[in-house]
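# Secondary and tertiary structure notes
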Amino acid sequence: MVEVSREKFEELVAEALDTIPRELAQVMENVFMVVVDDPPEPGLLGLYTGIPLTERGDWYAGVLPDRIEIYRNPICEICETEDEVVEEVQITVVHEIAHHFGIDDERLHELGW
């Protein structure tokens, strides 16, 4: 387990977001990301809640933003070094953003995520 302060962890999440290709970042719509210490159920490193871009239609208006949560404690618990935390944060951020684009877990695993 690695101890990473909340402030430092939030910086790592922001750095991971900065690595998202500009073309993808520009089409992300009505979504925000937040760091949360603990997940609602064991085993989660991140969670996407919302309506993926692929499922939005003409009816989509006045909807609350999608939410991506990145869970600090579980990520720190599975890592032995800060470099591993950086890598796991990157993977988790990409994974949850993929859900925003309508990519499910099965496809993500096929792609190596």
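Everything below is about the structure printed above this text.
This text gives an overview of the structure that appears in the document.

About the thresholds
- Residues numbered from 1 in each chain as written.
- Predicted model: local features only at pLDDT ≥ 70, side-chain atom pairs only at ≥ 80, totals over all residues.
- Heavy atoms only, no water.
- 1 Å grid on protein atoms, 1.4 Å probe; cavity = no way out; pocket = protein on both sides within 12 Å on 5 of 7 lines; lining within 4 Å.
- Points joined across faces, edges and corners; volume = space filled by probe spheres on them.
- Helix = DSSP H or I, 4+ residues; strand = E, 2+ residues; numbered from the N terminus.
- Nonpolar A, V, L, I, M, F, W, Y, C, P; charged D, E, K, R; others polar.
- Buried < 20%, exposed > 50% of the residue type's maximum accessible area, 1.4 Å probe, protein only.
- Lys, Arg positive; Asp, Glu negative; His and termini not counted.
- Salt bridge = Lys/Arg side-chain N within 4 Å of Asp/Glu carboxyl O.
- Contact = heavy atoms within 4.5 Å.
- Axes fitted to C-alpha atoms, helices over the stretch in contact; angles between N-to-C directions.
- Parallel < 35°, antiparallel > 145°, perpendicular 65-115°, else oblique.
- Left-handed = near helix turned anticlockwise from the far one by under 90°.
- Patch = residues over 30% accessible without salt bridge, like charges linked within 9 Å, V, L, I, M, F, W, Y side chains within 5 Å.
- Areas by Shrake-Rupley, 256 points an atom, 1.4 Å probe, with all protein chains shown as cover.
- Charge placed at Lys NZ, Arg CZ, Asp CG, Glu CD.
- Expected span 1.5 Å × (residues − 1).
- Arc of directions from axis to C-beta.
- Phe/Tyr/Trp six-rings, centres within 6.5 Å; stacked < 30°, edge-to-face > 60°.

### Structural notes on the layout of surface pockets
Empty space among the atoms becomes apparent when a probe as large as a water molecule is rolled across them. In this structure, the largest pocket occupies an estimated 200 Å³ of space. Lining the largest pocket are 15 residues, and of these Leu45, Gly46, His95, Glu96 and Asp105 lie nearest its centre. Counting only elements with at least two residues in the lining of the largest pocket, the list comes to strand S2 (46-49), helix H4 (82-100) and helix H5 (105-110). At six residues, H4 tops the list of elements feeding residues into the lining of the largest pocket. Considered class by class, the residues forming the lining of the largest pocket number six nonpolar, six polar and three charged.

### Observations regarding the side chain of Glu88
Here Glu88 lies in helix H4. The charged side chain of Glu88 is buried without a salt bridge, its nearest counter-charge being Arg72 at 15 Å. With residues near it in sequence (within four places) discarded, Glu88 still touches Leu45, Ile75, Ile78 and Cys79.

### Section: the packing of helix H1 (residues 6-18) against H4
Taken N-terminus to C-terminus, the directions of H1 and H4 make an angle of 55°; their axes are 9 Å apart at the nearest point. In terms of orientation, H1 and H4 fall into the oblique class. Of the two elements, H1 crosses H4, and the hand of that crossing is right-handed. Counting all contacts with H1, which are made through Lys8, Phe9, Leu12, Val13, Ala16 and Leu17, the residues of H4 involved are Glu82, Val85, Val86, Val89, Gln90, Val93 and Ile97. Along the lines of polarity and charge, the residues of the contact of H1 with H4 split into ten nonpolar, one polar and two charged.

### Section: a negative patch on the surface
A surface patch of like charges, here negative, comprises Glu7, Glu11, Glu15 and Asp18. In this structure Asp18 comes out as exposed when scored by relative accessible area, which is 67%.

### As for H4
For H4, spanning 19 residues, the distance from its first C-alpha to its last is 27 Å, which sits close to the expected 27 Å at 1.5 Å a residue. Residues Val85, Glu88, Val89, Thr92, Val93, Val94, His95, Glu96, Ile97, Ala98, His99 and His100 constitute the buried set of H4. Against H1, strand S1 (31-36), S2, strand S3 (66-71), helix H3 (72-78) and H5 lie the buried residues of H4.

### Comments concerning H1
Between its first and last C-alpha, H1 extends 18 Å over 13 residues, near the 18 Å set by a 1.5 Å rise per residue. Burial in H1 covers these residues: Phe9, Leu12, Val13 and Ala16. For H1, the arc enclosing every buried residue in end-on projection is 100°, short of the 170-degree limit, so these residues lie on one face. Those residues of H1 that are exposed and aimed more than 90 degrees away from the buried face are Glu7 and Asp18. The inward-facing, buried residues of H1 contact S1, S3, H3 and H4.

### As for the packing of aromatic side chains
For the structure on display, the rule yields one aromatic pair. Between Trp59 and Tyr60, the ring centres sit 5.7 Å apart and the planes meet at 75°, which makes this aromatic pair edge-to-face.

All quantities given are derived from atomic positions and should not be read as evidence of function.
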